[in-house]
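Architecture and fold: a report
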Amino acid sequence: MSLNPGDLYGLIGPNGAGKTTVFNLITGVYTPDEGSIELDGRAIQGRKPSAIAKQGMSRTFQNIRLFKSMTVLENVQTSSHVHKKQGMFDAIMRTRSLKAEEGEIRQSGLELLKIFGLDKRAHELASNLPYGSQRRLEIARALATKPKVLLLDEPAAGMNPQEAVDLMHLIQFCRDKFQLTILLVEHNMKVVMGVCEKIQVIDYGETIALGSPKEIRDDPKVIEAYLGGA
Amino acid sequence: MKKAIFWVVALAVLALLQAGLEGTIGAYYYQIVIYVGINIILAVSLNLINGTTGQFSIGHAGFYAVGAYTSASLLYYGQSMLRGWLSFLPHAAQDVVLLLIGLSAAALAAGFAGLLVGIPSLRLRGDYLAIVTLGFGEIIRVLILNINAVGAARGFLGIPEFSNFFWVYLFALITVVVVYNLVNSSYGRAFISIRDDEIAAEAMGVDTTRFKVLSFVISSMFAGIAGGLFAHFTAFLSPNTFQFTTSFYLIIMIVVGGMGSIEGAILGAILITVILEVFREFGAFRFVNFAVLLVLIMLYRPQGIVGNWSVFKRRGAF
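These lines cover the structure that appears in this document, whether it is placed above or below. Owing to the predicted nature of the structure, the values given are computational and were not obtained by experimental measurement.

**Focus on the sheet that holds strand E4 (residues 57-59) of chain A**
Residue and element names in this part refer to chain A. Taken in spatial order, the six strands line up as E4-E5-E6-E1-E7-E8 in an open sheet, and their pairing is mixed. Across the chains shown, the open sheet's two edge strands, defined by having one partner strand only, are E4 and strand E8 (206-211). With direction set aside, neighbouring strand axes in the sheet form an average angle of 20 degrees. Where strand E7 (residues 198-203) meets E8, five bridges bridge the pair, whose relative direction is antiparallel.

**Some words on the interface of chain B and chain A**
Contact with chain B, which involves 32 residues of that partner, is made by 35 residues of chain A. Contact between chain B and chain A buries roughly 2,800 Å² in total, counting both sides, with carbon and sulfur atoms accounting for 58%. Sorting the residues of chain B by area buried against chain A places Tyr187(B), Arg189(B) and Met204(B) first, and these three jointly supply 26% of that buried surface. Across the salt bridge formed by Asp197(B) and Arg65(A), the nearest N and O atoms sit 2.9 Å from each other. Broken down by secondary-structure element, the contributors of at least two residues to the side of chain B that touches chain A are helix H5 (165-183), helix H6 (186-196), helix H7 (198-203) and helix H8 (208-234) of chain B. Take the side of chain B that touches chain A: its biggest share by element is eight residues, from H6(B). Of the residues in the side of chain B that touches chain A, the class split is 15 nonpolar, eight polar and nine charged.

**What about the packing of aromatic side chains?**
Residues and elements named next belong to chain B. Throughout the structure, instances matching the rule amount to 23 aromatic pairs over all chains. Ring centres of Phe-63 and Phe-216 lie 5.4 Å apart, and the angle between their planes is 90 degrees; on these two criteria the pair is classed as edge-to-face. Note that Phe-63 is positioned in helix H2 (residues 60-85) and Phe-216 in helix H8, a separation of 153 residues in sequence. Classification of Phe-63 by relative accessible area gives buried; the value is 0%. Relative accessible area serves as the criterion here: at 1%, Phe-216 is assigned to the buried category.

Definitions and limits used
Residues numbered from 1 in each chain as written. Chains lettered and ligands numbered in written order. Predicted model: local features only at pLDDT ≥ 70, side-chain atom pairs only at ≥ 80, totals over all residues. Heavy atoms only, no water. Pairing = 2+ DSSP bridges. Helix = DSSP H or I, 4+ residues; strand = E, 2+ residues; numbered from the N terminus. Axes fitted to C-alpha atoms, helices over the stretch in contact; angles between N-to-C directions. Contact = heavy atoms within 4.5 Å. Buried area = accessible area lost by both parts, 1.4 Å probe. Salt bridge = Lys/Arg side-chain N within 4 Å of Asp/Glu carboxyl O. Nonpolar A, V, L, I, M, F, W, Y, C, P; charged D, E, K, R; others polar. Phe/Tyr/Trp six-rings, centres within 6.5 Å; stacked < 30°, edge-to-face > 60°. Buried < 20%, exposed > 50% of the residue type's maximum accessible area, 1.4 Å probe, protein only.

Here is the structure:
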């Protein structure tokens, strides 16, 4: 599997195909037994997830994992930790440069929330948001690390059709605005077919098809994997 | 500028109280006030690791002991030598420098102990820290019981008396300000993100092991300082002070006050210290109070008395 800058790449497959496992391998949650994973030509397999995140890879989770006791804004601010310059001494003394940096983090956090239509609820607890908004907040939080590659694990899960359509536009908008490369896992075929330019289908850990949405839709092997052999 | 004014006023108030307090309220109440101050340092520091970072440490008394015995033995055995080096200073100034040396050594020793305990146990998720810290606290106590140079089971007598209301409350204030500012910075957000969801924190670029160890070491260092202040106030140390019941009192303080809340930890420290004193004549029966108190808290206010409320919410103190 190989992604070029600016790709919007879909990864699909039946339940248990190993999609989330692929995500966990790429982001460092699991260490691969063999093979290599590279980001900008640098091998990243076996490194800690936090180190990989610092290199410009960010993700969302299939089952929402927001920081529940924090406000919406704080969730986004937490990700900015990756780029902070002030040390612990500045934090303890609350130096002027720290206050300036905190102000910047806050400002860019609010701007990001605005894009996702969450700025009005910035000071509410993240756990009090409706489900769809929590999904969007997860994407906003991931973007706050200023990634080059964004991995979305079933971003449309549990959304109603209208929310899913809005999400598609949002994903495309983010890709263009932040010049992202996006890898998407999704069960909602409307979203995958609507937004991805290239799709890879896996089943039991093996790639069974790779191509444009149209090619995938007509591929007999894919139909077999999803619907069962005739 | 605001910071400077804050500290000048704080120092003046502390010095004024130091001058008048003991004479006004008497030695007994003065001693309780001191214990309240020491417990505030302990509870607020324990709250950083248990409440804010969400790791369960039940061996805070161990770090308290390390600090107390380090500072006590350093100044007991090294006093005359250090005074020799400091002979250019007046005697009262020497006392201050000696106390600060002792407390620095206490903080370093306790922090180092925290690092040793934290690195292996905080790399893992789950309850390992609780198990290891419980063991650590007991190991320290048993070690002290067997070291003759620090009085073993007889207790450590003749520790120089340097600390008083002024120093205890100055360090209580420093502890509160440092923890406050830390919690209300990107460090605090990293700590809280670990408590809320470790996997997500790691994916957002928070090196969870490093931040857990950091939080734990800072917490241990303040416990060490509290130990030093205690040793140089009572001038006598007994291993019994550092039994694991002490760790449990500290946990009760932060649970009653409200996990993760600095005001809660302060309130809990005051409340529990006072309850322990008020019911002193009941001996072991006074522990029943805590059982009742905890049951009531769990039934009627599980988030603790203070809960999530905070004076300086999201801003940071001076």
